Every structure is written in structure tokens, then in C-alpha cells.
Amino acid sequence: MNKTKPTPDPIAELRNLANKWTLLARDYARDAKNGDAVDPRTPYHRGLAEGYYKAALELAELIKQFPESGIASVPIAAAPASSSAPQRAAPPPQPQAPPPEYLNLQVSEVLNILSYAGTNPRDVTPNKGVGTYTAVFSRWENLMPHERIEMIKAADHRLVVIGSGKTRDAGDPFIEIAFKEL
């Protein structure tokens, strides 16, 4: 009896790698959070956690560009399905509305608008190619999240708040914003 090894699905292998990097990021973030502040390894672990997390996200975004097929449709960070489970046909894709068009502003202009609103973002990062920006604030800032959002909305009539929350690694508040054309 001649058994041949099945060819591995490269997309599934890339998903496994992204999952591995996500788990490493989680472990290093835990080590950095539980570490002593004077220990020189604490910032090193924090940097490793951030690097693995960003690499996993970039790889996941790259994987999304490939066509869906078989094993490749398993979402990242999900447990692999049992091989004995019956395969279901995927529902037909729903037509999607085109993404909204947002203005691409300079980061300095976004910082000026946020400062004018009375907030002090620690970091403002443009999100690639979509015209949105993620502003991260210090969790020690003397503002409640809903107050910060209201202040930012009142600063510029073009501003749209897309989402908000807390960062995974440090728990700092963030707001994702964009600017629409009028």
C-alpha cells in the first residue's frame, strides 16, 4: 500500500503562522505586564509583543487578499475543524456597498484638530489606504471615553468617529476617526 503525504495548503500554513505569532504576542505582552518596571527585559518583551502582533495582523490582511477555498476559509485564531465533520457549502456572497470615501489629511493636521478639541493624543496613526486614523490616548488623561468622543465630534463638522475602545496590550483608550468630504 503506497501512502502519499497530502500537499499542505499554503494559505492554511500562513494562517497557522499568523496564529502562532498572535499567541507569541499574547505571551510576551503578559510577560511585559507582569514584569518588574526596573527589569530591562520588560520593555524588550513589550516590543516583542507589539512586533509579533503587528506582523500577525499584516499577515492576516495579506491572507484576506487570497481567494477563499477549502481549508483557507478557517478564520485566524480559530481551532482547526475536525476532519470528520461534514463540509457545508458556503452561502453565496452578499453584494457589498462600496466603502465610503474619506479625505486623506496630513497627520499634523489631524493632530491640530484633536488638540483644538481639547484632547491630547499620545499617538495618531493613519490606516493604510482607507483615509482613517487611529488616535491613542493615555489612560491617565482626565477624560471619560464618552466625553473625549463628544469633544472630538464637536471640533470639526467633517469628522466621523468610526470606532473606539481600548488597546489590547496596554489598555489605553483609542478612537478611530475619518474625515468626510462635504
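Everything below is about the structure shown above.
Residues numbered from 1 in each chain as written. Predicted model: local features only at pLDDT ≥ 70, side-chain atom pairs only at ≥ 80, totals over all residues. Heavy atoms only, no water.

## Considerations on helix α1 (residues 10-34)
And then number 1: Between its first and last C-alpha, α1 extends 36 Å over 25 residues, near the 36 Å set by a 1.5 Å rise per residue.
And then number 2: Looking at the packing, one finds that the buried side of α1 touches α2 (41-64). (Helix = DSSP H or I, 4+ residues; strand = E, 2+ residues; numbered from the N terminus. Expected span 1.5 Å × (residues − 1). Contact = heavy atoms within 4.5 Å.)

## Things to note about the sheet that holds strand β2 (residues 132-137)
And then number 1: An order of β1-β2-β4-β3 is seen for the four strands of this open sheet, with the pairing classed as antiparallel. Either end of the sheet is taken by a strand with one partner, and the two such strands are β1 (121-127) and β3 (159-166). The sheet shows a mean angle of 20° between the axes of neighbouring strands, taken without regard to direction.
And then number 2: Docked against the sheet, helix α3 (residues 107-116) engages β1, β2, β3 and β4 (173-179), running at close to 135° with respect to β1. (Pairing = 2+ DSSP bridges. Axes fitted to C-alpha atoms, helices over the stretch in contact; angles between N-to-C directions.)

## Describing the packing of α1 against α2
And then number 1: For the pair α1 and α2, interaxial distance at closest approach is 8 Å and the crossing angle is 155°. The angle between α1 and α2 falls in the class roughly antiparallel. Of the two possible hands of crossing, α1 and α2 adopt the one that is left-handed.
And then number 2: Of the residues contributing to the contact of α1 with α2, the split by class is 18 nonpolar, three polar and three charged. (Parallel < 35°, antiparallel > 145°, perpendicular 65-115°, else oblique. Left-handed = near helix turned anticlockwise from the far one by under 90°. Nonpolar A, V, L, I, M, F, W, Y, C, P; charged D, E, K, R; others polar.)

## Some points on the nonpolar core
And then number 1: Among the nonpolar cores identified, the biggest contains 17 residues, and Leu 105, Val 110, Leu 114, Tyr 133, Ile 152, Ile 177 and Phe 179 are the most heavily contacted of them.
And then number 2: Where this core is concerned, the elements lending two or more residues are α3, β2, α4 (145-155) and β4.
And then number 3: Excluding residues that lie within four positions of it along the chain, Tyr 133 makes contacts with Leu 103, Asn 104, Leu 105, Val 110, Val 124, Thr 125, Pro 126, Asn 127, Ile 175, Glu 176, Ile 177 and Phe 179. (Core = buried A, V, L, I, M, F, W, Y, C linked by side-chain atoms within 4.5 Å. Buried < 20%, exposed > 50% of the residue type's maximum accessible area, 1.4 Å probe, protein only.)

## Side note on the pattern of salt bridges
And then number 1: A complete count under the given rule lists eight salt bridges for this structure.
And then number 2: Taking the shortest distance from any N to any O, the salt bridge between Arg 30 and Asp 31 comes out at 3.9 Å.
And then number 3: Given a relative accessible area of 41%, Arg 30 falls into the partly exposed group.
And then number 4: Taking the shortest distance from any N to any O, the salt bridge between Lys 54 and Glu 50 comes out at 3.0 Å. Taken together, the positions of Lys 54 and Glu 50, both in helix α2 and four residues apart, correspond to about one turn of that helix.
And then number 5: Its relative accessible area of 37% is what places Glu 50 among the partly exposed residues.
And then number 6: Three or more residues joined by partner-sharing salt bridges are found here, namely Arg 26, Asp 27, Arg 30 and Asp 31. (Salt bridge = Lys/Arg side-chain N within 4 Å of Asp/Glu carboxyl O.)

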